[in-house]
Amino acid sequence: MKILILYSSVDGHTKKICSFISSKLKHNHIIEMNEINNDEDFKFYFYDFIIVGASIRYGTYRKSFLKFINDNHTELQNSKTAFFSVNIVARKKKKNSIKTNPYIKKFFKLSKWKPNIVEVFAGKLDYPKYNFFNKNIIKFIMWITKGPTRTDVVIEFTDWNKVEKFAQGIDNFQLMQK
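Please read all numbers here as calculations on a predicted model, not as lab measurements.

S.K.: Looking at this structure, I do not really get helix 5 (residues 132–144). What am I missing?
M.R.: Since one α-helical turn is 3.6 residues long, residues separated by three or four positions face the same way. Counted at 1.5 Å a residue, the expected span for helix 5 with its 13 residues is 18 Å, and the 18 Å between its end C-alpha atoms agrees. Among all positions of helix 5, only Asn134, Ile138 and Met142 are buried. Taken around the axis of helix 5, the buried residues stretch over an arc of 65°, which confines them to a single face. The outward face of helix 5, more than 90 degrees from its buried face, is lined by the exposed residues Phe132, Phe133 and Trp143. On the buried face of helix 5, the contacting elements are strand 6 (124–126). Its side-chain oxygen at 3.1 Å from the backbone nitrogen of Phe133, Asn131 defines the N-terminal cap of helix 5.

This is how it looks when you write it as C-alpha cells:
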C-alpha cells in the first residue's frame, strides 16, 4: 500500500512526528513524506491513504495549510485519510483528546474536509531555539496557562506511545477496508 504523509510545521516537531509515524508504517507500506506546499500538485489518487499533520502557533494553523486543505478538500474527502494536530494545549489532560482540544474543534470549523481518523498530540517547547520575540510571547502564554516558563530548557510533551497507537490505527483501518 502507498501512503502519503503531508505536514505543516513551524519549528520541525510536526515533521518529527511524521517521520516517527513513517518509521512505524514503512515496514508494511511504501511511504512518501512531503511538506505542504501550495505550489505542488499532489496526485492524491496515486495513494491508498493520506496522512496530514499540522501544528498550531499562537492559536492558529498556518494560512498556507488551511488554504491547501480547502483547495484540495474534494480530493481528500474522496480518499482514505487521517489528520492530526500538534499543539502545546494538548499537554493538559483535559485538552488532549479530539473531543476536548480547542484546535481540533477549530480545524473542523475552518475546514470542509472530514478525515476518517483524527488525533491530537502535545507538541514541544524549544525556548533556546526561539528568537527574542517568540521566546517572550510564548513564555507569557505559558505563564498565563500555568505552563513552563524557564527559557533555558527544551520540553517535549509528545506522548510517543499515543503517536504509535495512531500509526497502528491507520494499519488497522487499512486492514478493515480490504
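Next comes the rest of the write-up.
S.K.: Any chance you could explain the packing of aromatic side chains here in plain terms?
M.R.: For any two aromatic rings, the description comes down to two numbers: the centre-to-centre distance and the angle of the planes. All told, the structure shown has 19 aromatic pairs when counted by the stated rule. Seen from their ring centres, Phe65 and Phe83 are 6.0 Å apart, and the 15° between their planes marks the pair as stacked. Of this pair, Phe65 sits in helix 2 (residues 63–71) while Phe83 sits in strand 4 (residues 81–87); the two residues are 18 residues apart in sequence, bridging distant segments of the chain. Per residue, the accessibility class of Phe65 equals that of Phe83, and both read buried. Within the aromatic cluster, the residues linked to one another by ring pairs are Tyr61, Phe65, Phe83, Phe107, Phe108 and Trp113. Geometry around Tyr58 places Arg57 over its ring, the cationic atom sitting 5.7 Å from the centre. The ring of Phe157 is capped by Arg91, whose NZ or CZ atom sits 6.0 Å from the centre of that ring.

S.K.: What should I look at first to understand the side chain of Ser55 in this one?
M.R.: By the secondary structure assignment, Ser55 is in strand 3 (residues 49–55). Once residues within four sequence positions are removed from consideration, Ser55 is found in contact with Ser8, Ser9, Val10, Thr14, Thr60, Tyr61, Arg62 and Val86.

S.K.: Would you mind going over the nonpolar core with me for this structure?
M.R.: Soluble globular proteins: nonpolar side chains tend toward being buried together. The biggest cluster of nonpolar side chains holds 25 residues, and the ones touching the most others in it are Leu6, Val52, Tyr61, Phe65 and Phe83. Secondary structure elements with two or more residues in this core: strand 1 (2–8), strand 3, helix 2, helix 4 (102–110) and strand 5 (117–122). Here this core takes four residues from helix 2, the largest share from any one element. Setting aside its immediate chain neighbours within four residues, Phe83 contacts Val52, Ala54, Tyr61, Phe65, Ile104, Phe107, Trp113, Pro115, Ile117, Val118, Glu119 and Phe166.

S.K.: So what exactly am I meant to see when it comes to the pattern of salt bridges here?
M.R.: Proximity of charged atoms lets side chains of opposite charge pair with each other. For the structure on display, the rule yields seven salt bridges. For Asp71, the salt bridge identified is with Lys67, shortest N-O distance 2.6 Å. Here Asp71 pairs with Lys67, and both are found in helix 2, just four residues apart, close to one helical turn. In this structure Lys67 comes out as partly exposed when scored by relative accessible area, which is 46%.

What counts and what doesn't
Residues numbered from 1 in each chain as written. Predicted model: local features only at pLDDT ≥ 70, side-chain atom pairs only at ≥ 80, totals over all residues. Heavy atoms only, no water. Helix = DSSP H or I, 4+ residues; strand = E, 2+ residues; numbered from the N terminus. Expected span 1.5 Å × (residues − 1). Buried < 20%, exposed > 50% of the residue type's maximum accessible area, 1.4 Å probe, protein only. Arc of directions from axis to C-beta. Contact = heavy atoms within 4.5 Å. Polar contact = N/O pair within 3.5 Å; in protein donor to acceptor, adjacent residues only side chain to side chain. Phe/Tyr/Trp six-rings, centres within 6.5 Å; stacked < 30°, edge-to-face > 60°. Lys NZ or Arg CZ within 6 Å of the ring centre and 35° of its normal. Core = buried A, V, L, I, M, F, W, Y, C linked by side-chain atoms within 4.5 Å. Salt bridge = Lys/Arg side-chain N within 4 Å of Asp/Glu carboxyl O.

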